[in-house]
Amino acid sequence: MPTAIRVSPTHAARAINLLRTVQYTHPPSCPCHSNPGHHHHEYTHPPSCPCHSNPGHHHHATPSLVNQARRSLATPIDASQQKEYAFEMAASSIRFGPGCTKEVGMDFKNMGAKKVMVVTDSTVKKLNAMKQVVQALEAEGIAFEVFDGVRVEPKDSSIKTAIAAAKPYQPDALLAVGGGSVIDTAKLMNLYTTLPDAEFLDFVNAPLGKGKPITKGLKPLIAVPTTAGTGSETTGTAIFDLVSKRAKTGIAHRNLKPTLGICDPLNTRTMPSAVHASSGLDVLCHSLESWTAIPYYERVPRPTNPINRPAYQGANPISDIFSLQALRSTIKYLPRAVKDPEDHEAQSQMLLAATLAGIGFGNAGVHLCHGMSYPISGQNPGYKHPGYQVDSPIIPHGVSVAVTAPAVFKFTGASNPERHLAAAECFGVDVSQVKKESAGEVLSEALADFLVKLGDQPRGLKALGFGKEHVDALVEGTIPQARVLMLAPNLEMTNLDAEREQLTGLFEEAMEY
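Quick summary incoming for the structure in this document. If you're wondering where the values come from, they're calculated on a predicted model, not measured in any experiment.

1. Some words on the layout of surface pockets
Part 1 of the argument: Its volume calculated, the largest pocket comes out at about 1,000 Å³.
Part 2 of the argument: Lining the largest pocket are 47 residues, and of these Val152, Gly179, Ser181, Thr227 and Tyr388 sit closest to its centre.
Part 3 of the argument: Residue assignment for the lining of the largest pocket shows that the elements contributing at least two residues are helix 8 (180–194), strand 6 (237–242), helix 9 (273–292), helix 12 (368–378) and helix 13 (397–402).
Part 4 of the argument: The element that contributes the greatest number of residues to the lining of the largest pocket is helix 9, accounting for 5 residues.
Part 5 of the argument: Residues belonging to the lining of the largest pocket are distributed by class as follows: 17 nonpolar, 22 polar and 8 charged.

Here you go:
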């Protein structure tokens, strides 16, 4: 049974509630109200008062007294400091099953789509998933055009190139086939072809962009993931590098969500072992961060209009279920999926875990591992991750996220020891004798042990080529990530100097584990 959350009312609210109670039970004709000098004692209250003489008397309050009381309360309400009181559950429709990719042509026909823009990258274009998609569209006689220019770990320039390719075609629906980079790029192609007059920075997360809400419904988008990691098929988030600011950022709004995610385990069988590992580490951190994010009812400010309620709301009773299950599955199946390319059960379970974690973090949000990962990948000193066939240096997203995880969860442990111990228990730690003040350290050690055993993982920022001289730039690249940092427990976001000091300590701690 979910725990009831009791939010204690403010003094102002209590005062108004008391006045309302008085008004509902004592009409203005009662001498207590009509005579300001009247001292109210039970024995002086006259029997003629209708409150007593008529037990069935229901009195509707006149708002004037309540309003007068509200005006006379000394403390004005500061809307920017009012805490959230509600959470929303939003996720794409999901279809899961081996071979279900072949249904996508029928899906578009059922929607009445006539012109589909297929979005992919140069690697996925050659894989069986694309062959299945093309056959499915042709079988239903649906016209389509393929854009295969998606960049892995997209930059704002590659996103703009993709948008420019989609605009003249004027698709009435989009289909993304690939990993998170492909799905995220397709979301933004959808956004800016639907709203062609918008400036690129209009919807980009503040403070790097204007952070405007997306007020219009977008075209149908079907996502077919070929990696088991980002969970992008379920979320309203799209991430890219904003090169001019040397920072990763993105756009997050529920209207970006794909209409349907087709999760076909056959499509992830082509992932190389290194891609299995790094995308699985993204799932690991999605689930851990959303499980330990601040609770939704601690987030400020409360939105003045529901359209302004962020997609990343803080931990809530629904996201908790998905996040914890995704964590358990990842710990159990990721080492198997990385070790044995023929372990199809483990691969299938990791695709399901990625989707579950996507629903969890898509509603609760992520925090420090992700906030710190964006400058890590954006300021890469020249590291090339083993097992990735790319020409330029690359720190895969999952690697850049997981490399700080042991430091992060040691830091956040004190915020909610019970949750950190529950997470450590998922790693197989016996927490029955662990003191609460050790929760962060115990989870940190369990994480480090898991990463070492997984193999081929850089053991800290030093292994990626970072040194102490890089810390200041990494901190400055993290501070603008307000959308995720606001959900980080223990982080001093109201005091920039204190926040800078904490982040400096975290990056220094993350140099090696």
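2. Considerations on the pattern of salt bridges
Part 1 of the argument: Applying the stated rule across the entire model yields 23 salt bridges.
Part 2 of the argument: A salt bridge links Glu153 to Lys248, with the nearest nitrogen and oxygen atoms 3.3 Å apart. Of this pair, Glu153 sits in the loop between strand 3 (143–147) and helix 7 (156–169) while Lys248 sits in strand 7 (residues 247–252), and the two are 95 residues apart along the sequence. Like Glu153, the residue Lys248 is buried in the burial classification.
Part 3 of the argument: When the shortest N-O distance is used, the salt bridge between Asp343 and Arg336 registers 2.8 Å.
Part 4 of the argument: Relative accessible area serves as the criterion here: at 30%, Arg336 is assigned to the partly exposed category.

3. Some thoughts on the packing of aromatic side chains
Part 1 of the argument: Going through the model one piece at a time under the given rule, you end up with 7 aromatic pairs.
Part 2 of the argument: Judged by centre distance (5.4 Å) and plane angle (85 degrees), the ring pair of Tyr296 and Tyr297 falls under edge-to-face.
Part 3 of the argument: The exposure class of Tyr297 is partly exposed, given its relative accessible area of 26%.
Part 4 of the argument: In textbook terms, an aromatic cluster arises when at least three aromatic residues are bridged by ring pairs, as seen for Tyr192, Phe200, Phe203 and Phe240.
Part 5 of the argument: The residue whose ring lies beneath Lys160 is Phe200, and the NZ or CZ to ring-centre distance is 4.9 Å.
Part 6 of the argument: The ring of Trp291 has Arg419 sitting right over it, with the charged end atom 4.1 Å from the ring centre.

4. A closer look at the packing of helix 10 (residues 317–339) against helix 15 (residues 417–426)
Part 1 of the argument: Orientation of helix 10 relative to helix 15, taken along the N-to-C sense of each, is 35 degrees, at an axis distance of 9 Å. Here Asp320, Leu324, Leu327, Arg328 and Ile331 of helix 10 lie close against helix 15, whose contacting residues are Arg419, Ala423 and Cys426.
Part 2 of the argument: Each residue belonging to the contact of helix 10 with helix 15 can be placed in one class, and the counts come to 5 nonpolar, no polar and 3 charged.

5. Here's the deal with the sheet that holds strand 4 (residues 173–178)
Part 1 of the argument: Strand order in this open sheet of 6 strands is 1-8-5-4-2-3, and the pairing throughout is parallel. Lying at the two open borders of the sheet, with one neighbouring strand each, are strand 1 (93–96) and strand 3. Pairwise comparison of adjacent strand axes, ignoring direction, gives a mean angle of 20 degrees for this sheet.
Part 2 of the argument: Pairing geometry for strand 5 (residues 221–225) and strand 8 (residues 260–263), over 2 bridges, is parallel. Within strand 8, the residue paired with Ala223 across the bridge is Gly261.
Part 3 of the argument: Along the sheet, helix 11 (residues 344–364) makes contact with strand 1, strand 5 and strand 8, crossing strand 1 at roughly 175 degrees.

6. Comments concerning the nonpolar core
Part 1 of the argument: Within the largest apolar cluster, 67 residues are counted, with the highest numbers of intra-cluster contacts made by Phe427 and Leu461.
Part 2 of the argument: When neighbours within four sequence positions are excluded, Phe427 is seen to be in contact with Leu284, Leu288, Leu327, Ile331, Leu443, Ala446, Leu447 and Phe450.
Part 3 of the argument: The next biggest cluster of nonpolar side chains, apart from the first, holds 32 residues, and it includes Met117, Val119, Val150 and Val204.

7. What about the state of the cysteines?
Part 1 of the argument: By the definition in use, this model includes 0 disulfides.
Part 2 of the argument: Of all cysteine sulfurs in the structure, the one in Cys263 sits closest to Cys100, which takes part in no disulfide; the separation is 7.4 Å.
Part 3 of the argument: Given the relative accessible area of 7%, Cys100 is considered buried.

8. A few points about the packing of helix 9 against helix 11
Part 1 of the argument: Running from amino to carboxyl end, helix 9 crosses helix 11 at an angle of 40 degrees, the nearest separation of the two axes being 9 Å. Along this stretch, helix 9 crosses helix 11, giving a crossing that reads as left-handed. Counted together, His276, Gly280, Val283, His286 and Ser290 of helix 9 and Gln347, Met350, Ala353, Ala354, Ala357, Gly360, Phe361 and Ala364 of helix 11 form the full contact between these two elements.
Part 2 of the argument: Taken together, the residues of the contact of helix 9 with helix 11 break down into 7 nonpolar, 6 polar and no charged.

9. Focus on the environment of Gln82
Part 1 of the argument: Residue placement: Gln82 occurs in the loop between helix 4 (63–72) and strand 1.
Part 2 of the argument: With relative accessibility at 28%, the residue Gln82 sits in the partly exposed group.
Part 3 of the argument: Residues Gln82 and Tyr297, 215 residues apart in the sequence, show an inter-C-alpha distance of 9.8 Å.

10. Some thoughts on empty space enclosed by the protein
Part 1 of the argument: Within this structure, the stated rule accounts for 3 cavities of 30 Å³ or more.
Part 2 of the argument: Of the pockets and cavities examined, the largest cavity occupies roughly 50 Å³.
Part 3 of the argument: What lines the largest cavity is Asn205, Ala206, Pro207, Leu208, Thr249, Pro480, Gln481, Ala482 and Arg483.
Part 4 of the argument: Taken together, the residues that form the lining of the largest cavity break down as 5 nonpolar, 3 polar and 1 charged.

Reading the values: rules and limits
- Residues numbered from 1 in each chain as written.
- Predicted model: local features only at pLDDT ≥ 70, side-chain atom pairs only at ≥ 80, totals over all residues.
- Heavy atoms only, no water.
- 1 Å grid on protein atoms, 1.4 Å probe; cavity = no way out; pocket = protein on both sides within 12 Å on 5 of 7 lines; lining within 4 Å.
- Points joined across faces, edges and corners; volume = space filled by probe spheres on them.
- Helix = DSSP H or I, 4+ residues; strand = E, 2+ residues; numbered from the N terminus.
- Nonpolar A, V, L, I, M, F, W, Y, C, P; charged D, E, K, R; others polar.
- Salt bridge = Lys/Arg side-chain N within 4 Å of Asp/Glu carboxyl O.
- Buried < 20%, exposed > 50% of the residue type's maximum accessible area, 1.4 Å probe, protein only.
- Phe/Tyr/Trp six-rings, centres within 6.5 Å; stacked < 30°, edge-to-face > 60°.
- Lys NZ or Arg CZ within 6 Å of the ring centre and 35° of its normal.
- Axes fitted to C-alpha atoms, helices over the stretch in contact; angles between N-to-C directions.
- Contact = heavy atoms within 4.5 Å.
- Pairing = 2+ DSSP bridges.
- Core = buried A, V, L, I, M, F, W, Y, C linked by side-chain atoms within 4.5 Å.
- Disulfide = S-S within 2.5 Å.
- Left-handed = near helix turned anticlockwise from the far one by under 90°.

Just geometry here; none of it tells us what the structure is for.
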